[in-house]
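Report on the structure
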Amino acid sequence: MQPALDISPPLHRGMENNLDRSAFHKSIPVLAVRIAAQKTGVLLKSDAMRSYVMDMPKIRSVVWDPSSSDDHRLVLLKISEEAALSPEARTLLIDHSAEIVDHTINLDYNYWTADDILQAILPEQLLDGSPTGFSVTGHIAHMNLNKEYLPYKNIIGQIILDKNPAIKTVVNKLDSIDNKFRFFKMELLAGEPNYIVEHHESNCRFIFDFSKVYWNSRLHTEHDRLVQLFKPEDVIADVFAGVGPFAIPAARKGCAVLANDLNPDSVHYLSKNIATNDVADLVHASCEDGREFIRTSVSKVMETSFPPYSGPRISRVKGKRRRREIQALEHRERHPTCTAPCSDTLTQPPRKAVTRFVMNLPDSALDFLDAFQGILSAQDDAERKLCYPAMPMIHCYCFTRELEQDKAELDIKERAENRLGHRIEEDVSFHLVRSVAPNKYMYCISFRLPRDVVFGR
């Protein structure tokens, strides 16, 4: 058997700024078997010929015979010399009146993958780990190029755009980050300068300006994991809510949510996503400093009194019926002597207590834990204690440079306790989210707030 066919693209290592697609063309001479159309199946299934039939990616093994009538086909072989055929294969071809002919396979730019093209363009010292990986958010491909690939960034972006039809815009994350609102700055590599995306996650629809807010599609699994922990009757205080990757799915589950973010652009799209996903009755958006939001969230929920859980999200028609029932309940609260019938579900008390705080700002969320000191300490202590027979759970994201899990958990716990001013002992758990850089990991620490902290003065 002769060596395997070389279907790699031609090398053009001098190509750097402008992508010349026409330069990627290759003609590969092979042999083919001209055979009657009704006999192609016999040939393809025979043991004698099976190892010779073309099986290269995206190349058809049977094609029309351009030199014959419709009753003949060409079965392409992955050899270029007839001497490579075994005696058994030759006998089979003679028995079926088949003829060996020359054939040329023409490959062009469209045939090869993005990685194939980059392997033909990049310098040899950069071939290992060629940057074809990216995150997809809506129609945007988001790359994170290492500095050695930056001279080739535009041609890399164009190749990614060409090879992924659903992608309309390719961007590269820059090293700089917005200091106040914590979203990454980016540069356009290829495609349309359109950053307003529509992204679908957890059966929810999100619309936002990718260049002005923080979004990481690689956290989809983590968003789902945490929302699965929520109970439908929970009240969630999402301190750094962004455009709603936790808040919207939680509300779709039935949770009531206070969703906050300091970035006004995030809150703008958060509000849009609340309306788009029909959860306006369960999600209240705000634009405040995270520390202030934590300190006032308890009072906000007591004053807001979210309606009791009445099942998962429903159709608009049923939603109108549910809202009428809520109005009936509110009428009963204002007029206790009213004897009008009321739904059993809606006879449950409204939700007045935060049950969980989500703090998804891993770079600095631990620093905000001191804001929980005394949040339930006020003149109406008695009422607040009735609303909080159990303390809220905290789900706080953070980074650590400890590589071993035991040391990482100890590091995170010590830092959290130092900011909280109290030991953390109840319902403590850790979850490794992902590696974000060499020697840097993202974790989520979950724990129940100590009663002494929230009622302390």
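Residues numbered from 1 in each chain as written. Predicted model: local features only at pLDDT ≥ 70, side-chain atom pairs only at ≥ 80, totals over all residues. Heavy atoms only, no water.

Identification of the protein as tRNA (guanine(37)-N1)-methyltransferase from Scleroderma citrinum Foug A is taken from an unreviewed UniProt entry. One UniProt comment on the protein, placed under Function (unreviewed entry), says "Specifically methylates the N1 position of guanosine-37 in various cytoplasmic and mitochondrial tRNAs. Methylation is not dependent on the nature of the nucleoside 5' of the target nucleoside. This is the first step in the biosynthesis of wybutosine (yW), a modified base adjacent to the anticodon of tRNAs and required for accurate decoding." (UniProt positions renumbered as here; feature names shortened; annotations may be inferred.)

Considerations on the packing of helix H4 (residues 114–121) against helix H5 (residues 153–163)
The N-to-C vectors of H4 and H5 enclose an angle of 155°; their axes lie 9 Å apart at closest approach. In terms of orientation, H4 lies roughly antiparallel with respect to H5. For the crossing formed where H4 meets H5, the hand is right-handed. Facing Ala 114, Ile 117, Leu 118 and Ile 121 of H4, the residues of H5 in contact are Ile 155, Ile 156, Ile 159, Ile 160 and Lys 163. (Axes fitted to C-alpha atoms, helices over the stretch in contact; angles between N-to-C directions. Helix = DSSP H or I, 4+ residues; strand = E, 2+ residues; numbered from the N terminus. Parallel < 35°, antiparallel > 145°, perpendicular 65-115°, else oblique. Left-handed = near helix turned anticlockwise from the far one by under 90°. Contact = heavy atoms within 4.5 Å.)

Considerations on the pairing of strand S14 (residues 356–359)
What you see with S14 is no split at all: Arg 356 and Val 358 on one side and Phe 357 and Met 359 on the other are buried throughout. Direction of pairing for strand S11 (residues 235–238) relative to S14: parallel, over a ladder of 3 bridges. Bridging from a neighbouring strand, Ala 237 pairs with Phe 357 of S14. Both S14 and strand S15 (residues 393–400) contribute to a ladder of 4 bridges, which runs parallel. Considered in S15, the bridge of Phe 357 is made with Ile 394. (Buried < 20%, exposed > 50% of the residue type's maximum accessible area, 1.4 Å probe, protein only. Pairing = 2+ DSSP bridges.)

Description of the layout of surface pockets
Taken as a whole, the second largest pocket spans an internal volume of roughly 370 Å³. Lining of the second largest pocket is provided by 20 residues; of these, Asp 234, Ala 353, Val 354, Thr 355 and Ala 390 occupy positions nearest its centre. Here the residues of the lining of the second largest pocket are counted per class, giving 12 nonpolar, 1 polar and 7 charged. (1 Å grid on protein atoms, 1.4 Å probe; cavity = no way out; pocket = protein on both sides within 12 Å on 5 of 7 lines; lining within 4 Å. Points joined across faces, edges and corners; volume = space filled by probe spheres on them. Nonpolar A, V, L, I, M, F, W, Y, C, P; charged D, E, K, R; others polar.)

Quick word on the side chain of Lys 26
On the secondary structure map, Lys 26 appears in strand S1 (residues 25–36). With a relative accessible area of 19%, Lys 26 lands in the buried category. Among the polar contacts made by the side chain of Lys 26, one reaches the main-chain carbonyl oxygen of Asp 6 at a distance of 3.3 Å. Apart from the residues lying within four places of it in its own chain, the contact partners of Lys 26 are Asp 6, Ile 7, Ser 8, Ile 105, Asn 106, Leu 107 and Trp 112. (Polar contact = N/O pair within 3.5 Å; in protein donor to acceptor, adjacent residues only side chain to side chain.)

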